[in-house]
Amino acid sequence: MSTPTGFMEYSRQLPADRDPTERIKDWEEFHKHMSEEELRTQGARCMDCGTPYCHTGMDMAGGTSGCPVNNLIPEWNNLIYRGLWKEALERLHKTNNFPEFTGRICPAPCEGSCTVGLIDQPVTIKTIEQAIIDKGFEEGWVVPNPPEKRTGKNVAIVGSGPAGLAAAAQLNKAGHSVTVYERADRIGGLLMYGIPSMKLDKAVVQRRVDLLAAEGVRFITNTEIGKDISSQQLVDDYDAVVLCGGATKPREFNIEGSALKGVHYAMTYLNGTIKSLLDSGLADGQYISAEGKDVIVIGGGDTGSDCVATALRHGCSSVTQFGTHEIAPLERDTINNPWPQFPNVYTLDYAQEEAKALYGKDPREFSIMTTKFVGDEEGNLKELHTVQIKRIVDETGRKIYQPIPGTEKVFNAQMALIAIGFDGPEQTIVNQMGLETDLRSNVKAPYGKYQTNVEKVFAAGDMRRGQSLVVWAINEGRQAAREVDKYLMGSTVLV
């Protein structure tokens with residue numbers, strides 16, 4: 001606790017964002033920064049709540065409540081209030097290997113379960129987290145810290161996303177020799193390719209990768225396990241293998257006209273833009289451009305919003321985002337969505353804020369379903385046909401969407417981006433290793449153990465639990481590292 005009455009004396013404050021009509025002209029991060037005095041005041045709002053649900057981290061009612069990496073939030077809020085930034089950084093790094101990522105891209109379930117939020121606006125936790133780590137780098141407090149001795153054990157990690165990097169950081173800290181394999185040309189997984197630069201500057205990702213390399217982690221890019229190196233060879237060559245390949249298989253959207261030119265999956269669209277931006281500042285033209293086009297984004301989640309923001313920066317003529325969910329209420333439904341569940345309330349994400357500033361309205365269409373794509377005589381997409389829907393419970397108890405007669409509509413579009421989620425991990429490694437999977441095709445590795453049915457092979461992150469938050473991926477990578485360390489050494493030094 002910072003001060004007993006801070007939550008009553010001070011109001012919630014967030015850093016200002018760059019003007020939406022200006023920031024869509026570039027690919028720079030859109031958040032501004034708060035002063036140390038402002039941050040100290042926000043830290044003072046952290047109350048003596050007894051049980052800090054903000055750092056519990058649990059699945060609740062289909063969402064996440066609290067911080068999955070169990071950040072010691074009240075402790076570093078208090079340290080910021082007292083001006084002890086270096087000590088706050090030490091507390092932050094005890095639970096989170098990459099606060100510079102989570103402080104930028106996490107949806108902050110910690111704030112949704114903040115006790116102050118029961119009666120007022122929650123503490124500005126995410127902003128304080130980012131400020132602590134950014135100051136740590138600025139002051140030179142974050143430096144390579146390689147292990148004092150090596151164990152002689154070699155561990156391979158497949159995938160360099162947040163789960164893979166967290167596992168690598170922890171296992172390297174324990175003294176094991178760690179090699180991370182990545183099929184892309186750059187390290188970072190979805191942190192590098194997948195999340196646009198305006199949300200997460202790629203220099204921030206590369207800075208952490210360079211730090212891990214300086215600590216002794218070995219990175220190998222442009223290498224796909226199961227193709228360039230056989231899965232069995234990996235098992236034969238290493239003392240343990242950790243699979244952190246993610247849930248990268250896109251959910252198929254097979255409706256009439258889905259093969260038309262102009263219909264693309266979201267990650268193909270986003271990744272191409274990010275790579276071209278990094279390679280040449282988009283000068284090479286090696287990406288799918290939305291310039292001058294009417295764009296429809298199918299999917300109401302974060303990936304869909306990133307498509308909206310990217311299309312705006314390409315210079316699209318218009319952009320509309322479809323979601324099957326109903327429009328959320330302005331205030332939390334305390335009966336069906338009680339605290340400490342993540343609050344399901346109406347908000348504008350950065351992308352919707354930009355579209356509204358440019359076109360005068362929220363770009364989202366709610367409770368809508370696409371029934372078919374229609375093309376011209378040359379096979380190019382020209383329009384989408386839709387119908388409004390309502391969610392009902394059928395005779396078996398399943399929740400399904402039912403079309404509403406008479407609500408059919410046609411939208412002009414030359415580009416459609418499919419952002420409806422993922423169907424688990426790609427199956428090449430799974431099949432080659434003979435790994436058991438669950439009903440969702442995720443690799444079966446019990447929570448708390450992370451070991452698969454194949455000797456020496458562990459799995460973590462989205463590859464094990466399915467599509468999820470970056471903070472869950474970091475949690476999984478850390479916990480899997482503990483189990484690998486115990487497997488190799490008989491006990492573990494990791495927490």
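Predicted model, so just to flag it, every value in this text is computed and none were measured.

Rules of the game
- Residues numbered from 1 in each chain as written.
- Predicted model: local features only at pLDDT ≥ 70, side-chain atom pairs only at ≥ 80, totals over all residues.
- Heavy atoms only, no water.
- Helix = DSSP H or I, 4+ residues; strand = E, 2+ residues; numbered from the N terminus.
- Rg over C-alpha atoms; globule rule 2.2 N^0.38 Å.
- Buried < 20%, exposed > 50% of the residue type's maximum accessible area, 1.4 Å probe, protein only.
- Contact = heavy atoms within 4.5 Å.
- Areas by Shrake-Rupley, 256 points an atom, 1.4 Å probe, with all protein chains shown as cover.
- Lys, Arg positive; Asp, Glu negative; His and termini not counted.
- Charge placed at Lys NZ, Arg CZ, Asp CG, Glu CD.
- UniProt positions renumbered as here; feature names shortened; annotations may be inferred.
- Pairing = 2+ DSSP bridges.
- Axes fitted to C-alpha atoms, helices over the stretch in contact; angles between N-to-C directions.
- Expected span 1.5 Å × (residues − 1).
- Polar contact = N/O pair within 3.5 Å; in protein donor to acceptor, adjacent residues only side chain to side chain.
- 1 Å grid on protein atoms, 1.4 Å probe; cavity = no way out; pocket = protein on both sides within 12 Å on 5 of 7 lines; lining within 4 Å.
- Points joined across faces, edges and corners; volume = space filled by probe spheres on them.
- Nonpolar A, V, L, I, M, F, W, Y, C, P; charged D, E, K, R; others polar.
- Core = buried A, V, L, I, M, F, W, Y, C linked by side-chain atoms within 4.5 Å.
- Phe/Tyr/Trp six-rings, centres within 6.5 Å; stacked < 30°, edge-to-face > 60°.
- Lys NZ or Arg CZ within 6 Å of the ring centre and 35° of its normal.
- Parallel < 35°, antiparallel > 145°, perpendicular 65-115°, else oblique.

A count of helices and strands for the protein gives 17 helices and 16 strands. A compact globule built from 495 residues should have a C-alpha radius of gyration of about 23 Å, and the protein, at 23 Å, falls within 12% of that. If one aligns the C-alpha atoms of the protein with their principal axes, the spans along those axes are about 65 × 60 × 55 Å. Out of the 495 residues belonging to the protein, those deemed buried represent 52%. Summarising the internal contacts of the protein: among those between residues at least 6 apart in sequence, 67% fall at separations of at least 24. Surface accessibility of the protein: about 22,000 Å² in total, with carbon and sulfur atoms responsible for 48%. Here the protein carries 52 positive and 65 negative side-chain charges, and the mean point of each set is 3 Å from the other.

With that settled, consider the UniProt feature "domain: Dihydroprymidine dehydrogenase" (unreviewed entry) in the protein. Per the UniProt record, "domain: Dihydroprymidine dehydrogenase" (unreviewed entry) is found at residues 23–140. As a span, residues 23–140 carries 46% helix and 5% strand, and end to end its C-alpha atoms are 29 Å apart.

With that out of the way, let us pick up the sheet that holds strand 6 (residues 240–243). Backbone hydrogen bonds hold the strands of a sheet together, and the pairing may be parallel or antiparallel. Read across the open sheet, the 5 strands follow the order 5-4-3-6-16; overall the sheet is parallel. Where the open sheet ends on each side, the last strands, each with one partner, are strand 5 (218–220) and strand 16 (457–459). Put simply, the sheet's adjacent strands are angled 20° from each other on average, direction ignored. Sheet contacts for helix 9 (residues 162–173): strand 3 (154–158), strand 4 (177–181), strand 5 and strand 6; angle to strand 3, the most-contacted strand, approximately 170°.

Moving on to helix 10 (residues 202–214). Spanning 13 residues, helix 10 covers 18 Å between terminal C-alpha atoms, matching the ideal 18 Å at 1.5 Å per step. For helix 10, the complete set of buried residues consists of Lys202, Val204, Val205, Arg208, Val209, Leu211 and Leu212. Among the structural elements, helix 5 (85–95), helix 6 (99–105), helix 8 (125–138), helix 9, strand 5 and helix 12 (266–280) are those in contact with the buried residues of helix 10. A side-chain oxygen of the first residue of helix 10 lies 2.9 Å from the backbone nitrogen of alanine 203; this N-cap is aspartate 201. The first or second residue beyond helix 10 is glycine 216, which carries a positive phi of 115°.

We now examine the side chain of glutamate 476. Position of glutamate 476 among the secondary structure elements: in helix 17 (residues 470–489). For glutamate 476, a relative accessible area of 0% corresponds to the buried category. Side chain to side chain, glutamate 476 and arginine 464 meet in a polar contact 2.7 Å long.

The next point concerns the layout of surface pockets. The space that makes up the second largest pocket amounts to roughly 950 Å³. Asn145, Ala169, Gln170, Lys173 and Glu215 are the residues nearest the centre of the second largest pocket, which is lined by 35 residues in total. When contributions to the lining of the second largest pocket are tallied by element, the ones reaching two or more residues are helix 5, helix 9, helix 10 and helix 17. For the lining of the second largest pocket, the element with the most residues is helix 5, which contributes 5 residues. Residue composition of the lining of the second largest pocket, grouped by class: 15 nonpolar, 9 polar and 11 charged.

The nonpolar side chains of a soluble globular protein tend to be buried with one another. Residues Ile132 and Ile157 are the most contacted members of the largest nonpolar core, which totals 71 residues. If we skip the residues at most four places from it in the chain, isoleucine 132 touches Trp76, Ile80, Trp85, Ala88, Leu89 and Leu92. One finds Tyr269, Ala309, Tyr350 and Ala351 within the second-largest nonpolar core, a separate group that totals 25 residues.

The subject of this paragraph is the packing of aromatic side chains. The way to describe two aromatic rings as a pair is by their centre distance and the angle between their planes. Here the structure, examined in full by the defined rule, presents 8 aromatic pairs. Where tyrosine 53 meets tryptophan 339, the ring centres are 5.0 Å apart and the plane angle is 70°; that geometry is what we call edge-to-face. Placement of tyrosine 53 in the loop between helix 3 (36–43) and strand 1 (58–60) and of tryptophan 339 in the loop between strand 9 (318–322) and helix 14 (350–359) is noted, with a sequence separation of 286 residues between them. Look at tyrosine 181 and tyrosine 238: their rings are 6.3 Å apart centre to centre, the planes differ by 90°, and that puts the pair in the edge-to-face class. With tyrosine 181 in strand 4 and tyrosine 238 in the loop between helix 11 (231–237) and strand 6, this pair connects stretches of sequence that are 57 residues apart. The residue whose ring lies beneath arginine 207 is phenylalanine 137, and the NZ or CZ to ring-centre distance is 3.6 Å. A cation sits over an aromatic face here: arginine 465 above tryptophan 472, 4.3 Å from the ring centre.

In this section: the environment of phenylalanine 411. Turning to its location among the elements, phenylalanine 411 is positioned in strand 14 (residues 409–412). Residue phenylalanine 411 is classed as buried on the basis of its relative accessible area, which comes to 10%. A sequence separation of 29 residues divides phenylalanine 411 from lysine 382, and the C-alpha atoms of the two residues are 8.7 Å apart. If we skip the residues at most four places from it in the chain, phenylalanine 411 touches Ile296, Phe322, Glu365, Ile368, Lys382, Glu383, Leu384 and Thr386.

So, about helix 14. Within helix 14 the residues assigned to the buried category are Tyr350, Ala351, Gln352, Glu354 and Ala355. Next to the buried residues of helix 14 lie helix 2 (20–23), helix 13 (302–314), strand 9 and strand 10 (364–365). Just downstream of helix 14, glycine 360 is the residue with a positive phi angle, here 90°.

Taking the UniProt record as the reference, the feature "domain: FAD/NAD(P)-binding" (unreviewed entry) is found at residues 154–477. As annotated, residues 154–477 has a helix share of 27% and a strand share of 21%, and its two end C-alpha atoms lie 17 Å apart.

Here we come to the packing of helix 4 (residues 73–81) against helix 5. One can describe the packing of helix 4 onto helix 5 by two numbers: an axis separation of 8 Å at closest approach and a directional angle of 170°. When the interaxial angle is binned, helix 4 and helix 5 end up roughly antiparallel. Two secondary-structure elements touch here, helix 4 through Glu75, Trp76, Leu79 and Ile80 and helix 5 through Trp85, Glu87, Ala88, Arg91 and Leu92. Partitioned by chemical class, the residues of the contact of helix 4 with helix 5 number 6 nonpolar, no polar and 3 charged.

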